[in-house]
Structures are given as structure tokens and as C-alpha cells.
Amino acid sequence: MKIVSLYKDRLAKERGAVKKDWGGKISVALIYPNYYRIGMSNLGFQSVYGILNENPAIVAERVFLPEQEELLLYRRTNNTLLSVESQAPLQKFDFLAFSLSFQNDYPNVLTILDLSKIPLMCKDRAENYPLIIAGGVTTFMNPEPLASFIDCFLIGEGEVIVKKFFDAYLDFQLSTVNKEETLRVLGSVVEGVYCPSFYKVTYREDGSIGSFDTLISSIPSRVKAVKQVPFNGPLCQSKIITPSTEFSDTILVELNRGCGAGCRFCAAGYVYRPPRIIEEKNIFSSFESILDENTRVGLVSPSATDVPWIERLTSTILERGGDFSVSSFRADSLTTDLLKNIKKSSQKTLTFAPEAGSERLRMVINKKLTTEEILEAIIRIARTGFFHIKLYFIIGLPTETREDVKDIIGLVKSIRHHLIKESKGRKRIGRIRLSINCLVPKPFTPFQWFPMDTVDSLKEKQKIIKGALSDVGG
Ligand code: SF4
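Section: the pairing of strand β1 (residues 26–32)
With respect to burial, β1 is a largely interior element, 7 of its 7 residues being buried. Residues of β1 alternate between two faces, with Ile26, Val28, Leu30 and Tyr32 on one and Ser27, Ala29 and Ile31 on the opposite face, all of them buried. Of the pairings in the sheet, the one linking β1 to strand β2 (residues 58–64) comprises 7 bridges and is parallel in character. By the bridge assignment, Ala29 is partnered in β2 with Glu61.

Quick notes on the sheet that holds strand β14 (residues 349–355)
Ordered by their spatial adjacency, 3 strands build an open sheet running β14-β15-β16, and the pairing between neighbours is parallel. The open sheet terminates on both sides in strands that have one partner only, identified here as β14 and β16 (432–438). Taking each pair of neighbouring strands and ignoring which way they run, the sheet shows an average axis angle of 20 degrees. Summarising the sheet, strand β15 (residues 388–395) and β16 pair through 7 bridges and their orientation is parallel. The residue of β16 that forms the bridge with Tyr392 is Ser435.

Things to note about the domain arrangement of the chain
Under the domain assignment, the chain is made up of domain 1 (2–214) and domain 2 (251–469). Counting residues at the interface gives 10 residues for domain 1 and 14 residues for domain 2. The largest per-residue losses of area from domain 1 upon contact with domain 2 belong to Leu43, Met141 and Glu157, which jointly make up 53% of the total buried on that side. Run the count over domain 1 and domain 2 and you get 3 salt bridges. Arg257 serves as the salt-bridge partner of Glu157, at 2.8 Å between the closest nitrogen and oxygen.

Regarding the site of the ligand
The immediate surroundings of the ligand are formed by Cys259, Ala261, Gly262, Cys263, Phe265, Cys266, Pro302, Arg330 and Lys367. Residues of the shell around the ligand, tallied by class, amount to 6 nonpolar, 1 polar and 2 charged.

Analysis parameters
- Residues numbered from 1 in each chain as written.
- Predicted model: local features only at pLDDT ≥ 70, side-chain atom pairs only at ≥ 80, totals over all residues.
- Heavy atoms only, no water.
- Buried < 20%, exposed > 50% of the residue type's maximum accessible area, 1.4 Å probe, protein only.
- Helix = DSSP H or I, 4+ residues; strand = E, 2+ residues; numbered from the N terminus.
- Pairing = 2+ DSSP bridges.
- Axes fitted to C-alpha atoms, helices over the stretch in contact; angles between N-to-C directions.
- Domains from an automatic or database assignment.
- Contact = heavy atoms within 4.5 Å.
- Buried area = accessible area lost by both parts, 1.4 Å probe.
- Salt bridge = Lys/Arg side-chain N within 4 Å of Asp/Glu carboxyl O.
- Near = heavy atom within 4 Å.
- Nonpolar A, V, L, I, M, F, W, Y, C, P; charged D, E, K, R; others polar.

Written out as C-alpha cells, the structure reads:
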């Protein structure tokens, strides 16, 4: 079958995939509800794969949303969706575990259940179907859109909750009891486990929640996200290296989690509190072996310049003959030493997020970055070497006016002006790429109750920016 050979081909190109014998083990289909090339770039998904397979009593295999041609093949042949490692149908697993990082993937959960010929609603699934669980950062924020389809959510950071969940499942020998009893035990004893079927929710006329009551006394009335504090466990890093992702043949390593900057729209800044940085001695000892086996490292951080040892780490990687890329920086704290190291790496694009064009609006969203600081960073970059610049902006922010939108244009033009001026004498000048995103107010942030801007208004703002910059080039 073509799908089987496609998956075998994928496996052959990978380094680090785990293939276990299923005998006597709990089987978990770890599902990323998007394409292989996207899921394999997701550090949380990769990390949970490692955590599950480290347990000798568990066999975990990966499943992805099939891409166009692959999807057509499934539909045409009427075959059920298969795992990558042993090409097993999903109905054969004890657990289906969804890893959810983006709300846009929620509909894909249903596509995957449908492709697996598993009833979508919890109430329609009999005992012979797998237990369906879900975790990941979007489930910390709002699991409710999926509450009718998922038997239980693991609310919290994977390193802590995934391990506790399966340890409890094994300790209480829950494979011998029915689903309801399994959920009752796990929901009662494991902090962070949320089983929607044990709660009764009523809604007011305006759609807001009127009451939220437990149906069983042992179930917590409020479920709190579980976090890894202190932050001293093993490094969160890729377990499988593959050429077929955005970060091809790159090992991803997390440097810090959360961010203390407090930007008011930013979910990462709120749900991952407190901000935590890996201990210096832990990172340097771990990098000894990471660099023995890998050449290219992707340093993952909400803001790498918050990490006090970033210059030393990037120097170490270069001295060992390695290469690195850094995800994003805060413009006001980008040092010349770090820039010099990046210049020696193969990274050619630097990403910043001014978020708003005007200083006024940046202060409203608590992005404490002046225009002067942004331009100083651009000058430092251009003087160091040739780089492309990627800039993130948000439109639809609270209190935003037309003038604020036009200030995005002004800021981009100033950045371009300084980039050209400071790059004089060079044959090439870096390109500026903009990513303009519409604000989706996120739960747990101070902006959570602000209404989203209307589609018409957002389109008009996009048009203003596009129209003004289309003749500028970059
Ligand atoms: S600096 Fe970046 S990661 Fe930190 S709170 Fe602001 S937007 Fe979020």
C-alpha cells in the first residue's frame, strides 16, 4: 500500500524514532493534528514523544494529519488513518493523545477521528474505542471548544503532567476497569486532569457561563495548570531529527520558558508564568553531548536576549564547529557580541516584534520599546553584517486609531532608511519582511475581554499598510 511505503520512507530518513514491541505495553497514538512537516518542528510534541517512550511500559507512536495527496489516498481507498512507526490503525491503540498548540488545529482533531472511523462525540464512543486525551498550550487556555469530543484534558506542562497521568494509570491498574472509572480515578488523583463529563455547565442568555459544578465529589471544582517549577528537569529538546521539516536536520533546544515582559496581548507571557531559565551548568553539560551528535541547533526561546548566558552558549557552539539559529530577540537587549556570533552562523534573518507602529500604542500593550531603541538595534545589526529583517506587527489592538496604523508604515520606512544608510558600501542590502497579524484576544491576558476587531475594519487596515508599502520594495 502506498501510504505504508510513504511512512516507511519517512522513518528511514529520520534519526531518533522509537520502534517498540507492543507486547504487554500501553499503546499511545501521539497525534499532532497538522501536517508531518509542521508537527516535527513542534518542540512540545517531540518532548512528549520522548517522555512517553522513556517509560518501558508504554509504546508511543506518532500520527499526523495527512497532506493533500495522502489525504486523498486515505479517502479513496477507505483505509483508516495509520501511525508512522508501525503503521497501525488508530482504533488499535489504548490512548489517542492529541498535542494541541494552536486553536486553528481544533477542527483537524475531528478530521483525524473521522479518518480513523472513530465516533466524534465522547457519548457515542463505546468501551472498545481508545480513551481520547489532549494537552498542549491551547488546552491550558481554553479546552471548552473540544469538551464534547475529548474524554480528558491534561492541563499543564507535559514534563510534569504526562508522566503523572500515566504513572497513575499504571499504579492503579486502570487497564482492568471501564472508561468511566478510569476517568474518575485519574480526574480525582492527578492534578491538572480535567474530564468534562464530570462537570455540569449552565449558560446565561448572553452565552456566558452561569454555573460550573462537579457531578462527583472527588473531582476538583477548579483545575489548575501544572507547571515545572523549579525548572531543573532534563532539557526540552527534539527527540527525532528529520530533513522534512521547516527546521530540517536541526535539533531544537528550549533555553527558557515564559517571559516576564508582560505584553498585555501575549498568551505565552501569562500562561507560562513564572518565567524560567535553564540553569547555566545544566545547559552547558547537556550541550557537551548535544554537540557530539548534532551540528545544527535551533535555540528556542520567547526572547533569547533574556538568557544571561546566550553569548557564551553561541560561542561554545561555534567553537565546537556547530551552527545555530535563534528564534527571536527583544530589540532593546540585542548585544553586539551576540550579533557577531549570529553573523558567523548560517542564520541570515533576524526577527523582531515591535507589534505597534506608534510608541503610544506600544505603551498601551505594555511593549516597553521606544522607536529610538528599535532604530538603534537596526543600526547595530546593519553595522555588524548582512541580515534580512523580519518584523511582527499586530492590528486590531485596543484603542488603535488610523494614525497608529499609519505609524506602522512610518516605522517600517525608518527601519528601511537606516538599514540602507548603514549598509552603504555593501553589495547587498537585507530584505525587510512584515508579518501583520490580527489580534485575537487570548484567555488569561489583560485583553481577554476586549472584543476582536471586525473583519471589515481589519481588512481596511491591511489595505492601508499594503497600499503604502507596495511601492517601497524591500
Ligand atoms: S516580549 Fe514577546 S514573549 Fe515576552 S511577553 Fe512580550 S510578546 Fe510575549
